[in-house]
Amino acid sequence: MAVAYIALGGNLGDRAQTLSEPVGFRDQPPFLNAVVAVETDLEPIDLLRGMLAIEREFGRDRSNNVLNGPRTLDLDLLAMGDCVAAGTELTLPHPALAKRRFVLAPLAEIAPQLRHPVLKQTMAELLELLPDEGENRVAAVRRLSPSNK
C-alpha cells in the first residue's frame, strides 16, 4: 500500500465557495480546490488512468480543453510515496507541485511533513518559500470554512 496525494479542482457547475483564482487562462470563474490522501495498492499509472476516467464521467474532455481553462473536475496525481517518474503519460511528483499555492496550501495542511522526493523539502517548507505575488498571492487562496460557505 502507498499513500497517494490527489488534487481535486473545478470551476464549473455547483461550487461551494471560491478557494483560488485561475492560473494561466484567467478569463474564467474561480476554482474550488482541495487535496486528499488515499491509500492504494494500485500502481501510479493505473491510479492516474482511473482518475482520468472519473474526469470523463464528469464531462471533462482533455483533448478539447483550453490549457488551464474551465472544467467541471480536474484530478491531478501530485505525489505517491517516494515515487519519481518522468514519462509521456505520468510525471511524479507533479511538475507544478512546488510552484502553485492553490495546491501546496491544502497539501501542507494535511501532510506538512511530506517530503518532496526530488527537492528534498517538506510541503510546509515549499509553501513557505513561495513568493506572495501574482497567482501565488496568499490572498488568492482562501480556506473554506463553515462561516464562508
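The structure presented is a predicted model; accordingly, all values stated were derived computationally and were not measured.

Here we look at the sheet that holds strand β3 (residues 74-80)
- Spatial strand order, β2-β1-β3: three strands in an open sheet with antiparallel pairing. Because the sheet does not close on itself, it has two edges, and the strands there are β2 (32-40) and β3. Pairs of neighbouring strands in the sheet enclose a mean axial angle of 25°, with direction left out of account.
- Where strand β1 (residues 2-10) lies against β2, nine bridges are found, and the strand directions are antiparallel. Following the sheet pairing, Tyr5 is matched in β2 by Ala37.

Topic: the pairing of β3
- Most of β3 sits out of view: seven of its seven residues are buried.
- As defined by bridge partners, β1 adjoins β3 across six bridges and the pair is classed as antiparallel. Along β3, the bridge assignment pairs Ala7 with Asp76.

Re the environment of Val36
- Mapped onto the elements, Val36 comes out in strand β2.
- Accessibility expressed as a relative area gives 34% for Val36, which makes it partly exposed.
- Expressed as a C-alpha distance, the spacing of Val36 and Leu107, which sit 71 residues apart in the sequence, is 7.8 Å.
- If sequence neighbours within four positions are ignored, Val36 has contacts with Ala4, Tyr5, Ile6, Leu8 and Ile110.

Quick look at the pattern of salt bridges
- Tallied over the entire structure, the rule returns one salt bridge.
- Taking the shortest distance from any N to any O, the salt bridge between Glu89 and Arg49 comes out at 2.9 Å. Of this pair, Glu89 sits in the loop between β4 (85-86) and β5 (91-92) while Arg49 sits in helix α1 (residues 44-57), placing them 40 residues apart in sequence.
- Judged by its relative accessible area of 42%, Glu89 is partly exposed.
- Judged by its relative accessible area of 42%, Arg49 falls in the partly exposed class.

Some words on the nonpolar core
- Counting residues in each nonpolar core, the largest one holds 17 residues, and the members touching the most others are Tyr5, Leu78, Leu97, Leu104, Leu107, Leu114 and Met123.
- At the level of elements, β1, β3, α2 (101-110) and α3 (123-129) are the ones that each hand at least two residues to this core.
- Ranked by the residues each element gives to this core, the list is headed by α2, at five residues.
- Non-local contacts of Leu107, meaning those with residues more than four positions away in its chain, are made with Tyr5, Val35, Leu78, Leu97, Pro112, Leu114 and Met123.
- Among the nonpolar cores identified, the runner-up in size contains 12 residues, and Ile6, Leu52, Leu75 and Met80 belong to it.

How each quantity is defined
- Residue indices begin from 1 for each chain and proceed along its sequence in written order.
- A pLDDT threshold of at least 70 governs which residues receive local features in this predicted model, and a stricter bar of 80 or more applies before side-chain atom pairs are shown or counted, although totals over entire chains, interfaces and linings include all residues.
- Side-chain measures were taken over the full set of non-hydrogen atoms in the model, leaving aside hydrogen atoms and water.
- One requirement defines pairing of two strands: DSSP has to find at least two bridges between them.
- Numbered from the N terminus, helices here are DSSP runs of H or I no shorter than four residues, and strands are runs of E no shorter than two.
- Helix axes are fitted to C-alpha atoms over the stretch in contact, other axes to C-alpha atoms as well, and angles between N-to-C directions run from 0 to 180 degrees.
- Burial here depends on accessible area, computed with a 1.4 Å probe over protein chains only, as a share of the maximum for the residue type. Under 20% is buried, over 50% is exposed, and the range in between is partly exposed.
- In what follows, a contact means two residues having at least one pair of non-hydrogen atoms within 4.5 Å.
- We define a salt bridge as a side-chain nitrogen of Lys or Arg found within 4 Å of a carboxyl oxygen belonging to Asp or Glu.
- Residues belong to a common nonpolar core when they are buried Ala, Val, Leu, Ile, Met, Phe, Trp, Tyr or Cys residues joined through side-chain atoms within 4.5 Å.

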